[in-house]
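# Descriptive structure summary
Take a look at the letters that make up each chain.
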Amino acid sequence: MKACGVFEDEEELNHRLVVLGRLNNLVKEWISELGESKNFPPSAVANVGGKIFTFGSYRLGVHTKGADIDVACVAPRHVERSDFFQSFFEKLKRQEEIKKLRAVEDAYVPVIKFEFDGIEIDLVFARLSVPTVADNLDLRDNSCLRSLDIRCIRSLNGCRVTDEILHLVPNKENFRLTLHAIKLWAKRRGIYSSVLGFLGGVSCAVLVARTCQLYPNALASTLVNKFFLVFSGWEWPKPVLLKQQEESNLNLPVWDPRVNPSDRYHVMPIITPAYPQQNSTYNVSTSTRAVMVEEFKHGLAVTNEILQGKSDWSKLFEPLNFFQKYKHYIVLTASASTEEHHLEWVGLVESKIRVLVGNLERNEFISIAHVTPQSFPGSRDLCKQSGYVSMWFLGIAFRKVENAERVNVDLTCVIQSFNDTVYSQANNLHVLKEGMKIEAAHVKRKHLHYFLPAETLQKRKKQSMPGTSQNASGLQRKRTSSDGSCLDSSRDRESRTPDNSSSLRKISKVDTSTAERERDASVPKTKALRPNNGSLEAPNEGLYIKQVTPCTLNEELGL
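Rules used in this analysis
- Residues numbered from 1 in each chain as written.
- Predicted model: local features only at pLDDT ≥ 70, side-chain atom pairs only at ≥ 80, totals over all residues.
- Heavy atoms only, no water.
- Helix = DSSP H or I, 4+ residues; strand = E, 2+ residues; numbered from the N terminus.
- Buried < 20%, exposed > 50% of the residue type's maximum accessible area, 1.4 Å probe, protein only.
- Areas by Shrake-Rupley, 256 points an atom, 1.4 Å probe, with all protein chains shown as cover.
- Core = buried A, V, L, I, M, F, W, Y, C linked by side-chain atoms within 4.5 Å.
- Contact = heavy atoms within 4.5 Å.
- Axes fitted to C-alpha atoms, helices over the stretch in contact; angles between N-to-C directions.
- Left-handed = near helix turned anticlockwise from the far one by under 90°.
- Nonpolar A, V, L, I, M, F, W, Y, C, P; charged D, E, K, R; others polar.
- Salt bridge = Lys/Arg side-chain N within 4 Å of Asp/Glu carboxyl O.
- Expected span 1.5 Å × (residues − 1).
- Bend = angle between axes of the 7 residues up to and from the residue.
- Polar contact = N/O pair within 3.5 Å; in protein donor to acceptor, adjacent residues only side chain to side chain.
- Phe/Tyr/Trp six-rings, centres within 6.5 Å; stacked < 30°, edge-to-face > 60°.
- Lys NZ or Arg CZ within 6 Å of the ring centre and 35° of its normal.

## Things to note about the overall build of the protein
Along the backbone of the protein there are 13 helices and 17 strands. Per-residue burial over the protein gives 53% buried out of 559 residues. Accessible surface, the protein as shown: approximately 25,700 Å² in total, 48% of it carbon and sulfur.

See the structure below:
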């Protein structure tokens, strides 16, 4: 893993400690200054305390080179949340070493983000209902949650979960080394993004901690193999727990499918160990779980080979070639006119992609809707037209349909529903600006080079989803304009290069043919289109785009 640049050197580790020490001093100064401004006596000001607590990957000891640090600012009761986002924000603004300062007050967990002497910091705030905050405060004690508002409870949850995980593992060093390996593997295999319904930092830590509990005397190399052994065969939705859920008189909502009907729909529950216990993988869908289980099985096969001496560890960390995995993709494009608007827009769109995945997988003909966590910048032409552009790609696998020559899979409502969800959310949060757009298009694998550079699409051995069969023809990717007219984006026999900067707002209706034709048609062919009863047809290719339903994908599924 050293060759992958996972670990920081001694100088980088010491620099983080220095930055955290200076941040802690700033917090203490600010809390004392607030006490003085509220006419506290000097003796009280000297003893009010206040401190910062790290959590997440840094606290667990598994942060990577250049990673940010999650920090909680814990203050006594005379400090209000408004003070944190006003007077402390202004204090940070006056520090020369602090750059890229921004506050996100309306987030699920409100946060101030900044860069302190080159180290990225995410700082949350919690106000305890006590007059002083001692340096030896133990946040694992449930009593510290008493009389707190929900935002403070959420802010403390990261610290409490991290500390509880470390308390519950039998060997911290083996745990850390194993977790390092599993996080690197998850990132390389494209299943590390809690926002998109894959594993996140907390869920990875809980799974590794449970493996350590099951094999308390195993070394890290064995634990990695046992991780895949345990969770490739786990009977989901049986929850993964590090300890039995505890009772409390604080009456906070906890994950419990016996009491909460919504918890019964969680397909891959990985439960945090600290009260109030929550499902760290509530975003996981049927599709993302299927993708992760397949990767668990692949990891088991690879680590078995490694332990038998047939392969080395580098094989485990080989990246997934997502763009050779499926025959059909949906490209989702988010664009905005300015860089600032684009940053805000991309965050919102990304947070809702799981909704699109869920809607797609509910289609009776779709077995997998697999989004890659990595987003890609738009091409130069696309950015020239639409401003700042990001693209996500979703691989689509279809179910076998017996005794069916051709099946129409209409995605019009799915895409429209997703668009409505995103725009409605943006409007409610008052972040919707002129120039913010979402567009979508169906793209065949062999046409991905219109969107992505060659190095991203380098071919490896083809990987297919088990139990799925996809047949596709060598048809052009078509787009539909807002008035329903057909826009051809394929290459003709003179190798005309398509302009992918045109509208991708609609998913095309494509009628597919045989797999043999796809293999033969190495270059997409364009035939003259002619109107036919309100449709636009490409004769002899079976390709058409109906104006009344411009967002339909047809897939032949009979084989």
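## Notes on the nonpolar core
Phe175, Trp185, Phe296, Leu332, Leu360 and Phe393 are the most contacted members of the largest nonpolar core, which has 102 residues in total. Ignoring sequence-local partners within four residues, the contact set of leucine 360 consists of Ile330, Ile366, Ala369, Leu394, Ile396, Leu411 and Val414. Counting residues in each nonpolar core, the second largest holds 29 residues, with Val19, Ile31, Phe88 and Ile121 among its members.

## Some remarks on unusual backbone geometry
A cis geometry characterises the amide bond from tryptophan 236 onward to proline 237, with omega recorded as 10°. Its location among the elements puts proline 237 in the loop between helix H8 (220-232) and helix H9 (286-307). In this structure, proline 276 follows tyrosine 275 across a cis peptide bond, with omega equal to -5°. Note that proline 276 resides in the loop between H8 and H9. Of note, the phi angle at asparagine 39 is positive, near 65°, even though the residue is not glycine.

## Quick word on the packing of H8 against H9
Two numbers describe how H8 lies on H9: the axes approach to 8 Å, and their chain directions differ by 145°. Of the two elements, H8 crosses H9, and the hand of that crossing is left-handed. Residues Ser221, Val224, Asn225, Phe227, Phe228, Leu229, Phe231 and Ser232 of H8 lie in contact with H9, whose contacting residues are Val293, Phe296, Lys297, Gly299, Leu300, Thr303, Asn304 and Leu307. Partitioned by chemical class, the residues of the contact of H8 with H9 number nine nonpolar, six polar and one charged.

## Examining the pattern of salt bridges
Enumeration according to the criterion identifies 22 salt bridges in this entry. Notably, a salt bridge pairs glutamate 33 with lysine 91, separated by 3.3 Å at the nearest N-O pair. Of this pair, glutamate 33 sits in helix H1 (residues 10-37) while lysine 91 sits in helix H4 (residues 81-93), and the two are 58 residues apart along the sequence. Residue class for lysine 91 comes out buried when judged on its relative accessible area of 7%. With a shortest N-O distance of 3.8 Å, glutamate 344 and lysine 433 are connected by a salt bridge. Of this pair, glutamate 344 sits in helix H10 (residues 339-361) while lysine 433 sits in the loop between helix H12 (412-428) and strand S11 (437-444); the two residues are 89 residues apart in sequence, bridging distant segments of the chain. Each of Arg22, Glu97 and Asp117 takes part in a single network of salt bridges with overlapping partners.

## With respect to helix H5 (residues 150-168)
Across its 19 residues, H5 extends 26 Å between first and last C-alpha, which sits within 8% of the 27 Å expected from 1.5 Å per residue. The sharpest bend along H5 reaches about 35° and sits at leucine 156. Among the 19 residues that make up H5, 14 are buried, leaving the element largely enclosed by the rest of the structure. N-cap assignment for H5: the residue whose side-chain oxygen lies 3.0 Å from the backbone N of arginine 151 is aspartate 149.

## Observations concerning H4
One full turn of an α-helix is made of 3.6 residues, so residues set three or four places apart face in the same direction. Its 13 residues give H4 an end-to-end C-alpha distance of 17 Å, which sits within 8% of 18 Å, the value for a rise of 1.5 Å per residue. Residues of H4 that are buried include every one of Arg81, Asp83, Phe84, Phe85, Phe88, Phe89, Lys91 and Leu92, and no others. Contacts from the buried residues of H4 go to H1, strand S2 (69-75), strand S3 (98-104), strand S4 (111-116), strand S5 (119-127) and H5.

## Here we look at the packing of aromatic side chains
Two descriptors summarise a pair of aromatic rings, namely the distance from one centre to the other and the angle between the planes of the rings. Summed over all chains, the structure comprises 24 aromatic pairs. Taking 5.8 Å as the distance between ring centres and 15° as the angle between the ring planes, the aromatic pair formed by phenylalanine 84 and phenylalanine 88 counts as stacked. Taken together, the residues span about one helical turn, with phenylalanine 84 and phenylalanine 88 both in helix H4 at a distance of four residues. Here phenylalanine 84 matches phenylalanine 88 in class, with each residue buried. Ring geometry for phenylalanine 227 versus phenylalanine 296: centroids 5.8 Å apart, planes at 85°, classification edge-to-face. On the criterion of sequence distance, the pair formed by phenylalanine 227 in helix H8 and phenylalanine 296 in helix H9 is long-range, its members being 69 residues apart. Like phenylalanine 227, the residue phenylalanine 296 is buried in the burial classification. Here a set of aromatic residues connected by ring pairs shows up, and it is made of Trp185, Phe227, Phe228, Phe231, Trp234, Trp236 and Phe296. Looking at lysine 187, its charged tip hangs above the ring of tyrosine 192, at a distance of 5.1 Å from the centre. Over the aromatic face of tryptophan 234 sits the side chain of lysine 238, whose NZ or CZ is 4.9 Å from the ring centroid.

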